[in-house]
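# Notes for the structure review
Residue strings, one per chain:
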Amino acid sequence: MKENTNDGVRIREINASHIGDLIHIGESVNLSPWSAESYLAEIKNPDAVMLRLVSEGNKTVGFVIGRIVGSEGESSEAEIYNIAVKECEQRKGNGQLLFDAFAESCRVRGVTTVWLEVRESNDKAITFYKRIGFERVQRRIHFYEHPREHAWLMRLTMK
């Protein structure tokens, strides 16, 4: 994997020993929760793209989880399931660094389109995704639970 850095942070692959950190970060930024079993299952999936942002001392401060979908030899698509950065590490370019590493993993595997869903009320995330180039495609009614909320389906066409 290409080395990506931003003021002492690095991108690394996720393994089972990082699951506790992912759960903690996800809870701290109000992501829809994943169980440890869900993370383990995704780690075992050969189409998963699971990257973490690490600071000095190898501490996980953010992550992105997604998956390549599509058939071998065809234009593939990818989905981002979660992207999160600890609150104290936000607004430093770290979300962009994570997304760029995810996008690079997608490019080398022939991905042409990236999809994601985002809570309708998550203005900070929607602004971030629009800045990257995502566009809103469809509103999904009652997509999220706890709390129940609509989502936006967003799409990015890779260049």
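Here's what I pulled together on the structure shown here.

The rules behind the values
- Residues numbered from 1 in each chain as written.
- Predicted model: local features only at pLDDT ≥ 70, side-chain atom pairs only at ≥ 80, totals over all residues.
- Heavy atoms only, no water.
- Axes fitted to C-alpha atoms, helices over the stretch in contact; angles between N-to-C directions.
- Helix = DSSP H or I, 4+ residues; strand = E, 2+ residues; numbered from the N terminus.
- Parallel < 35°, antiparallel > 145°, perpendicular 65-115°, else oblique.
- Left-handed = near helix turned anticlockwise from the far one by under 90°.
- Contact = heavy atoms within 4.5 Å.
- Nonpolar A, V, L, I, M, F, W, Y, C, P; charged D, E, K, R; others polar.
- Buried < 20%, exposed > 50% of the residue type's maximum accessible area, 1.4 Å probe, protein only.
- Arc of directions from axis to C-beta.
- 1 Å grid on protein atoms, 1.4 Å probe; cavity = no way out; pocket = protein on both sides within 12 Å on 5 of 7 lines; lining within 4 Å.
- Points joined across faces, edges and corners; volume = space filled by probe spheres on them.
- Pairing = 2+ DSSP bridges.

Two elements in contact, helix α1 (residues 19-28) and helix α2 (residues 36-44), have axes separated by 10 Å at closest approach and are oriented at 125 degrees. The angle between the axes of α1 and α2 places the two elements in the oblique class. Handedness of the crossing formed by α1 with α2: right-handed. In this structure, α1 uses Ile 19, Leu 22 and Ile 23 to contact α2, whose residues at the interface are Ala 36, Tyr 39, Leu 40 and Ile 43. Tallied by class, the residues present in the contact of α1 with α2 amount to 7 nonpolar, no polar and no charged.

On the secondary structure map, His 18 appears in the loop between β2 (9-13) and α1. Setting aside anything within four residues of it in sequence, one finds His 18 in contact with Glu 13, Arg 52 and Thr 60.

Turning to helix α4 (residues 123-132), a few remarks are in order. Three or more residues of α4 are buried, namely Ala 125, Ile 126, Phe 128, Tyr 129 and Ile 132. Projected down its long axis, α4 carries its buried residues within an arc of 160 degrees, all on one side. Turned more than 90 degrees from where α4 packs its buried face, Asp 123 and Arg 131 sit exposed. Each element contacted by the buried residues of α4 is listed here: β5 (76-85), α3 (94-107), β6 (111-119) and β8 (149-157).

Let us now look at the layout of surface pockets. Estimates place the volume of the largest pocket at around 1000 Å³. In terms of lining residues, the largest pocket is bounded by 35 residues, among which Ile 83, Ala 84, Asn 122, Ala 125 and Tyr 129 are the most central. When residues of the lining of the largest pocket are traced back to their parent elements, those giving at least two are β5, α3, β6, α4 and β7 (135-144). Of the residues forming the lining of the largest pocket, the biggest block, 7 residues, is contributed by α4.

Moving on: the pairing of strand β3 (residues 48-55). β3 sits mainly inside the fold: 8 of its 8 residues count as buried. Residues Ala 48, Met 50, Arg 52 and Val 54 of β3 are buried on one face, and the alternating residues Val 49, Leu 51, Leu 53 and Ser 55, pointing to the opposite face, are buried as well. When β2 meets β3, the two strands line up antiparallel, connected through 4 bridges. Among the inter-strand pairings, Glu 13 is bridged to a residue of β3, identified as Leu 51. One ladder, built from 8 bridges, connects β3 with strand β4 (residues 59-69); its direction is antiparallel. Each residue of the ladder has a partner; that of Ser 55, found in β4, is Lys 59. Counting the residues in the hairpin turn of β3 and β4 gives 3 residues, including Gly 57, whose phi is positive at 80 degrees.

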